[in-house]
Amino acid sequence: TEAIGLYNLGQSCCLNSLLQVFLMNLRFTGILRRITIPSSPVQRRSNVPYQMLLLLEKMQCGKCKAVGPTELARCLSEHRVKLFVQHDAAQLFLTLWNLLKKQMKKPELIEELSDLYIICIQENLACQKCSFEIKSNSSMLTLPLPVLDANSHRLKTLEDCLQYFFRPEELTGQNMCFCQQCGRKTTFLQSMKLVHLPQTLTLHLKRFCFERSSHTHKLSHSLPFPQELDLREVLTENQCQADDSEKATWQYELFAVVAHSGSSSCGHYCAYIRSLTEGKWYCFNDSEVCQVSWDDVKCTYGHSNLYWRETAYLLFYMKKHPQ
């Protein structure tokens, strides 16, 4: 069976949830199975891709309902990933991905890993007084989507969050930029355009809000997300910098949800993942794994009056028709 749990080693629910999302992704495990095995025992102990491969093989033995990710956790601690502390899933996901990329020696595997997860964006800055313009491309592992607008009003759907993320913004007052053509600070229009989307698209719902008092609180209001997402229907032509063949692949199906319950200071993570071989949804809650329905997954939309309940934090969508 694919649905094998991971024992909690002590506040390791965040790590466990992310590991399940990685290892249930058949394209990722296809890359993992082709890594170069480190030659010495010392190198093997500190190699994250190798330790992740060992964990995958341990999970696929099928002899028990759950296994302990102890060796992988030790390996991560050697790379300054703290154990027995509460992690932020978005930050830990980036840390794990960077370690995987750094330690995969084969260039073709690094390229495949990037194709699987990396989002390409074009950032534009245009002077509003003249024709001066600055364009630069950047790469992102996740799209960090605000769930509130600039006036602290709640955005109502995932599609609203995506549109808001790519909206142009006028930089005025203290935010004005120096224009080389005008020779002074002027008002600029800042915009982002989508250039390329990966096989697995990761969306980070910014549920944790920082206040001026340095206190962090969680935004638990309802935010529905669809099972199927077509970015061509969500974004305008002005928000895209891609040809038709690229856009033709921008149809996605929900693959996994990493959900957070509790508060910003004391919480718990679990993962809802759709098996790519069976098409069934499973809830991975540390060592406990059970089959669930789409209605169960929809319970992670959030609810303003149920502050402690599970709310989706990371959404993983997979291309329906990859190139």
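Model, not experiment: these values are computed from the prediction. (Residues numbered from 1 in each chain as written. Predicted model: local features only at pLDDT ≥ 70, side-chain atom pairs only at ≥ 80, totals over all residues. Heavy atoms only, no water.)

Sorry if this is basic, but what is going on with the overall build of the protein here?
Within the protein one finds eleven helices and 18 strands. Whereas a compact globule of 323 residues would reach a radius of gyration of roughly 20 Å, the protein reaches 21 Å, a difference of no more than 12%. Projected onto the principal axes, the alpha-carbon positions of the protein cover approximately 70 × 50 × 40 Å. Counting across all 323 residues of the protein, residues that qualify as buried make up 50%. In the protein, the share of contacts with a sequence separation of at least 24, taken over all contacts with a separation of at least 6, comes to 66%. Counting every atom, the protein has about 15,700 Å² of accessible surface; 49% of that belongs to carbon and sulfur. Of the side-chain charges in the protein, 35 are positive and 31 negative, and the distance between the mean point of each set is 6 Å. (Helix = DSSP H or I, 4+ residues; strand = E, 2+ residues; numbered from the N terminus. Rg over C-alpha atoms; globule rule 2.2 N^0.38 Å. Buried < 20%, exposed > 50% of the residue type's maximum accessible area, 1.4 Å probe, protein only. Contact = heavy atoms within 4.5 Å. Areas by Shrake-Rupley, 256 points an atom, 1.4 Å probe, with all protein chains shown as cover. Lys, Arg positive; Asp, Glu negative; His and termini not counted. Charge placed at Lys NZ, Arg CZ, Asp CG, Glu CD.)

Where do I start with the sheet that holds strand E3 (residues 119-127) in this structure?
Within a sheet, each strand pairs with its neighbour through backbone hydrogen bonds, oriented either parallel or antiparallel. In spatial order, the strands read E4-E3-E9-E6; together these four strands make up an open sheet with antiparallel pairing. A strand with exactly one partner marks an edge of an open sheet, and here the two such strands are strand E4 (133-140) and strand E6 (169-171). Adjacent strand axes in the sheet meet at a mean angle of 30°, parallel and antiparallel pairs treated alike. Alignment of E3 against strand E9 (residues 188-196), held across eight bridges, turns out to be antiparallel. When the bridges of E9 are listed, glutamine 122 appears paired with lysine 193. (Pairing = 2+ DSSP bridges. Axes fitted to C-alpha atoms, helices over the stretch in contact; angles between N-to-C directions.)

Could you clarify how one ought to interpret unusual backbone geometry in this entry?
The bulk of non-glycine residues show a negative phi, and the bulk of peptide bonds are trans. For phenylalanine 84, which is not a glycine, the phi torsion comes out positive at approximately 60°. Relative to the helices and strands, phenylalanine 84 is located in the loop between helix H5 (70-78) and helix H6 (89-103). You can call phenylalanine 84 exposed: its relative accessible area is 53%. If you check the backbone angles, aspartate 286 has positive phi at about 55° while not being a glycine.

Is there a simple way to think about the pattern of salt bridges in this case?
Here the idea is simple: oppositely charged side chains can pair when their charged atoms come close. In the structure shown here, the tally under the stated rule is seven salt bridges. Between glutamate 112 and arginine 34 there is a salt bridge whose closest N-O contact spans 2.5 Å. Of this pair, glutamate 112 sits in helix H7 (residues 107-117) while arginine 34 sits in the loop between helix H2 (26-32) and helix H3 (41-45); the two residues are 78 residues apart in sequence, bridging distant segments of the chain. (Salt bridge = Lys/Arg side-chain N within 4 Å of Asp/Glu carboxyl O.)

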